[in-house]
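Survey of secondary and tertiary structure
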Amino acid sequence: MTKLKASHYRSSVKPIWCPGCGDFAVLSSLMRALANLGIPPEQVAVASGIGCSSRFPAFIRTYGFHGIHGRPLPLATGIKLGNPALTVVAVGGDGDGFSIGGGHFPHAARRDIELTYLVMDNSIYGMTKGQPSPTSPQGTKRKASPYGSLEAPLNPVLMALAYGATFVARAFSGQVKQLTAIIEAALQHPGFAFVDILSPCVTFFDTYDHYRRITQPLPDDHDPADLAAAMTRAQSVEPLYLGIFRQVEGPGYARRMAKLQEAAPEMTLDALMAAFRR
Ligand SMILES: Cc1ncc(C[n+]2csc(CCOP(=O)(O)OP(=O)(O)O)c2C)c(N)n1
Ligand code: SF4
C-alpha cells in the first residue's frame with residue numbers, strides 16, 4: 001500500500017479563508033496527523049456547524065457533513081454511534097461551540113463519546129464580520145460593541161476539565177508542529193478528545209503577536225492525570241499554556257453501547273442498566 005501523505009486528504013475545493021487565517025494551519029495539521037497515523041480518507045468523517053471555520057469539511061477529502069450552526073457535536077455523535085469504526089472529528093468556531101452550541105459540549109464530554117473536537121478559537125465571530133464571541137476578552141471593541149464587550153470570557157479548557165473530558169488540550173495555529181502532534185494524540189485517544197486551538201482571525205481580530213508573546217508549553221513535569229494541576233494551569237492567563245492538560249482513560253460511550261447491544265436479547269431492563277454502568 002502507498003504511504004499516505006497529507007496531500008491525499010486535500011479535496012478539490014480551494015479554501016476561501018482570508019490569506020493568513022489560522023484555520024489553514026488546522027486543516028493542514030489534521031491532514032498531516034491522519035497521514036502520520038495511516039488512517040485512510042474513507043475511514044474518517046468530519047462534521048461541522050456554521051462559520052468560517054465550519055467550512056472545513058469541504059476542504060478535506062473524507063466523509064463530511066456541513067451542518068447547522070452549533071450542532072457539530074450532535075452530528076458527530078450520531079455518526080460515531082451509527083458507524084463506530086469511523087474516526088470522527090467535529091470542527092467549528094468558538095461562537096458555534098460555546099454560544100449557540102454551548103449546550104452540547106458538556107454532554108459530549110461527560111458521555112466520553114469517542115471523537116475528536118477541534119475548536120478553531122479566534123475569539124470573534126469571523127463569518128458575520130467580527131462581533132464579540134464567548135471567548136473575546138472583556139472590553140473588546142467592535143462595531144457591534146462600540147464601548148467594549150461587558151462580559152468576561154469563557155475558558156474552554158477549564159470548562160472541558162470541569163465537564164469531565166478525558167482528553168483536554170490547547171494548541172496554537174502559529175505553532176504547527178506542536179498543533180499536529182496534539183491532533184495526532186487526540187485522534188488516538190479512545191474517548192472524547194477536545195482541543196482548543198488559538199486560531200487567529202487576521203481580518204477581524206489578529207492575535208498572532210499577542211499569542212506569540214504570552215503562550216508557553218506546559219511544564220515538562222505536568223502530569224495529565226492530575227486534574228487539580230490541570231485546572232490550576234488552565235486558569236493561567238499569562239503565561240497561557242499550550243499542550244495536553246489532561247489525558248486519562250475513560251469508559252467510551254460507543255464501547256459501552258456495543259456491550260449493551262450484545263447483552264440486550266436475554267436481559268431484563270435492570271440487568272441492561274447494570275451492564276451499561278459497568
Ligand atoms: C441559527 C443561526 N444563528 C445565527 C447564524 C449566523 N451566524 C453564522 S456564523 C456565526 C458565528 C460564527 O462565529 P464562529 O462560530 O466563532 O466561527 P468563525 O466564523 O469565527 O470561524 C453566526 C452567528 C446562523 N447561521 N444560524
Ligand atoms: S474572516 Fe477571519 S475567521 Fe473568517 S476566513 Fe477571514 S481571517 Fe479566517
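Use the structure listed above.
Report on the accompanying structure. Because the structure is predicted, anything quoted here is derived from the model rather than measured.

Quick word on the side chain of His222
Its place among the elements puts His222 in the loop between β9 (215–217) and α9 (227–234). The exposure class assigned to His222 is buried, which follows from its relative accessible area of 10%. Polar side-chain contacts of His222 include one of 3.0 Å to the side chain of Arg233. Among the polar contacts listed, one links the side chain of His222 to the backbone oxygen of Phe245, at a separation of 2.8 Å. When residues no more than four places from it in sequence are discounted, the contact partners of His222 are Ala229, Ala230, Arg233, Ile244 and Phe245.

Here we look at the pairing of strand β1 (residues 44–48)
Counting buried positions over the five residues of β1 gives five, a clear majority of the element. Neither face of β1 is exposed, since Val44, Val46 and Ser48 on one face and Ala45 and Ala47 on the opposite face are all buried. Alignment of β1 against strand β3 (residues 87–93), held across five bridges, turns out to be parallel. The partner of Ala45 across the bridge, within β3, is Val88.

Observations concerning the site of ligand 1
The full set close to ligand 1 counts 16 residues, and Cys52, Ser53, Gly95, Asp96 and Gly126 are the nearest of them. Here an oxygen atom of ligand 1 sits 2.8 Å away from a polar atom, N or O, in the main chain of Gly95. Asp96 is positioned such that a nitrogen or oxygen atom in its backbone is 2.7 Å from an oxygen atom of ligand 1. Only α4 (94–100) and β5 (124–125) provide two or more residues apiece to the shell around ligand 1. In terms of residue count, the dominant contributor to the shell around ligand 1 is α4 (four residues).

Observations concerning the pattern of salt bridges
The full count for this structure, using the stated rule, is three salt bridges. The shortest N-O distance in the salt bridge between Glu114 and Arg255 comes to 3.4 Å. Of this pair, Glu114 sits in the loop between α5 (105–111) and β4 (116–121) while Arg255 sits in helix α10 (residues 253–263); the two residues are 141 residues apart in sequence, bridging distant segments of the chain. Residue Glu114 is classed as buried on the basis of its relative accessible area, which comes to 10%. Across the pair Asp209 and Arg212 runs a salt bridge, and its minimum N-O distance is 3.6 Å. In this pair, Asp209 and Arg212 are both assigned in helix α8 (residues 208–214), three residues apart and thus about one turn of the helix distant.

With respect to the sheet that holds β4
Strand order in the open sheet formed by eight strands is β2-β1-β3-β4-β8-β7-β10-β9, and the pairing between neighbours is mixed. Sheet topology places β2 (63–66) and β9 at the edges, where each strand pairs with a single neighbour. Each neighbouring strand pair of the sheet contributes to a mean axis angle of 20°, computed without reference to strand direction. Where β9 and strand β10 (residues 240–247) come together, three bridges link them in parallel fashion. Within β10, the position partnered with Gln216 by the bridge is Tyr241. Those strands touched by helix α7 (residues 176–188) are β3, β4, β7 (167–172), β8 (193–198) and β10, and its axis lies near 160° from that of β7. Contacting β7 and β10, α9 crosses the sheet at an angle of about 160° to β10.

A few points about the site of ligand 2
All residues in the neighbourhood of ligand 2 are listed as Trp17, Cys18, Cys21, Cys52, Asn122, Cys201, Val202, Thr203 and Phe204. Each residue belonging to the shell around ligand 2 can be placed in one class, and the counts come to seven nonpolar, two polar and no charged.

What about a negative patch on the surface?
A cluster of acidic residues, Asp220, Asp221, Asp223 and Asp226, forms a negative patch on the protein surface. Considering the arrangement of structural elements, one finds Asp223 in the loop between β9 and α9. Take Asp223: its relative accessible area is 39%, and that puts it in the partly exposed class.

Topic: the packing of helix α1 (residues 23–37) against α7
Across the interface, α1 lies against α7 with an axial gap of 8 Å and an inter-helix angle of 55°. On the basis of their axis angle, the class for α1 and α7 is oblique. Every pair of crossing elements has a handedness; the one defined by α1 and α7 is right-handed. Contact with α1, carried on its side by Ala25, Val26, Ser29, Leu30, Arg32, Ala33, Leu34, Asn36 and Leu37, involves Val176, Leu179, Thr180, Ile183, Glu184, Leu187 and Gln188 of α7 and no other residues of that element. Looking at the contact of α1 with α7, its residues break down into ten nonpolar, four polar and two charged.

About the cut-offs
- Residues numbered from 1 in each chain as written.
- Chains lettered and ligands numbered in written order.
- Predicted model: local features only at pLDDT ≥ 70, side-chain atom pairs only at ≥ 80, totals over all residues.
- Heavy atoms only, no water.
- Helix = DSSP H or I, 4+ residues; strand = E, 2+ residues; numbered from the N terminus.
- Buried < 20%, exposed > 50% of the residue type's maximum accessible area, 1.4 Å probe, protein only.
- Polar contact = N/O pair within 3.5 Å; in protein donor to acceptor, adjacent residues only side chain to side chain.
- Contact = heavy atoms within 4.5 Å.
- Pairing = 2+ DSSP bridges.
- Near = heavy atom within 4 Å.
- Salt bridge = Lys/Arg side-chain N within 4 Å of Asp/Glu carboxyl O.
- Axes fitted to C-alpha atoms, helices over the stretch in contact; angles between N-to-C directions.
- Nonpolar A, V, L, I, M, F, W, Y, C, P; charged D, E, K, R; others polar.
- Patch = residues over 30% accessible without salt bridge, like charges linked within 9 Å, V, L, I, M, F, W, Y side chains within 5 Å.
- Areas by Shrake-Rupley, 256 points an atom, 1.4 Å probe, with all protein chains shown as cover.
- Lys, Arg positive; Asp, Glu negative; His and termini not counted.
- Charge placed at Lys NZ, Arg CZ, Asp CG, Glu CD.
- Parallel < 35°, antiparallel > 145°, perpendicular 65-115°, else oblique.
- Left-handed = near helix turned anticlockwise from the far one by under 90°.

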